[in-house]
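Listed below are the residues making up each chain.
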Amino acid sequence: MRNYFSIQPFRMVKSVFAILKYIPSCMKLSIIMLFLCIGLTFAENSYSQSALLTLDVKNQTVQNVLDEIERQSDFHFFYNNKQINTTRIVSIKSDKKDVFSVLDLLFHDTNIRYSVMDRNIILSVAENKSI
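Residues numbered from 1 in each chain as written. Predicted model: local features only at pLDDT ≥ 70, side-chain atom pairs only at ≥ 80, totals over all residues. Heavy atoms only, no water.

(A) Representation of the side chain of S94 within the structure. Relative to the helices and strands, S94 resides in strand β3 (residues 89–98). With residues near it in sequence (within four places) discarded, S94 still touches L53, T54, L55 and V102. (Helix = DSSP H or I, 4+ residues; strand = E, 2+ residues; numbered from the N terminus. Contact = heavy atoms within 4.5 Å.)

See below:
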């Protein structure tokens, strides 16, 4: 009668765990942290970092610029018309810049701030903190 079942692979696994007993825990943690750091270096850029916009707008309203950004990308803007002045006239020229750079140019010297959540951009008024 032939024995088709072998226990040899299980002995190898036991020997690996036996070797791990002799490695200090600080070295085990260091190896785990090393692999985590290597994994984080290969993290992908988000859409907001990879979406590049090309704008050449002269004497247009903020509303028209926001519409153009929505047309060129997958972003959508959310804001309160009573708080954000969308009739302000601006001129912007940007060539293949990310959305953060374009929004910084658009709202330079204003109290409007933005926050990006996935593909939605929320515009709000920055609170003045007076002491």
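(B) Looking closely at the nonpolar core. Grouped together as the largest cluster of nonpolar side chains are 21 residues, with contacts concentrated most on V65, I69, L103, L106 and L123. Residue assignment for this core shows that the elements contributing at least two residues are β1 (52–61), α4 (62–72), β3, α5 (99–106) and β5 (120–125). Excluding its chain neighbours within four sequence positions, the residues that come into contact with L103 are I69, F77, Y114 and I121. (Core = buried A, V, L, I, M, F, W, Y, C linked by side-chain atoms within 4.5 Å. Buried < 20%, exposed > 50% of the residue type's maximum accessible area, 1.4 Å probe, protein only.)

(C) Quick look at the pattern of salt bridges. Under the defined criterion, the tally for this structure stands at two salt bridges. Of the charged contacts, one joins R119 and D74 as a salt bridge, the two residues approaching to 2.9 Å between their closest N and O atoms. Taken together, the positions of R119 in the loop between β4 (112–117) and β5 and D74 in the loop between α4 and β2 (76–78) put the pair 45 residues apart, joining distant regions of the chain. R119 sits in the partly exposed class, given a relative accessible area of 33%. Its relative accessible area of 40% is what places D74 among the partly exposed residues. (Salt bridge = Lys/Arg side-chain N within 4 Å of Asp/Glu carboxyl O.)

(D) Layout of the sheet that holds β4. With respect to topology, three strands assemble into an open sheet ordered β2-β5-β4, the strand pairing being mixed. Looking at which strands have only one partner, the edges of the open sheet turn out to be β2 and β4. Taking the axes of each pair of neighbouring strands and ignoring which way they run, one obtains an average angle of 25° across the sheet. With three bridges joining them, β2 and β5 adopt parallel strand pairing. The partner of F77 across the bridge, within β5, is I121. Here α5 sits on the sheet and contacts β2, β4 and β5; the angle it forms with β4, its principal contact strand, is near 165°. (Pairing = 2+ DSSP bridges. Axes fitted to C-alpha atoms, helices over the stretch in contact; angles between N-to-C directions.)

(E) Spotlight on the packing of α4 against α5. As a packed pair, α4 and α5 sit with axes 12 Å apart at the nearest point and diverge in direction by 175°. The angle between α4 and α5 places the two elements in the roughly antiparallel class. The residues of α5 that touch α4, namely those facing V62, V65, L66 and I69, are V99, V102, L103 and L106. For the contact of α4 with α5, the per-class residue count stands at eight nonpolar, no polar and no charged. (Parallel < 35°, antiparallel > 145°, perpendicular 65-115°, else oblique. Nonpolar A, V, L, I, M, F, W, Y, C, P; charged D, E, K, R; others polar.)

(F) Unusual backbone geometry, seen in detail. The backbone of K96 sits at a positive phi, close to 55°, despite the residue not being glycine. Within the element layout of this structure, K96 appears in strand β3.

(G) Layout of a nonpolar patch on the surface. On the surface, I31, L34, F35, I38 and F42 cluster together to form a nonpolar patch covering roughly 560 Å² of accessible area. Along the chain, the position of I38 falls in helix α2 (residues 25–41). Looking at I38, the relative accessible area reads 39%, which means it is partly exposed. (Patch = residues over 30% accessible without salt bridge, like charges linked within 9 Å, V, L, I, M, F, W, Y side chains within 5 Å. Areas by Shrake-Rupley, 256 points an atom, 1.4 Å probe, with all protein chains shown as cover.)

(H) View of the pairing of β4. Two elements, β4 and β5, share six bridges in a ladder whose sense is antiparallel. Opposite S115, over in β5, you have I122 as the bridge partner. Between the end of β4 and the start of β5, which pair antiparallel, lie two residues, with D118 showing a positive phi angle near 60°.

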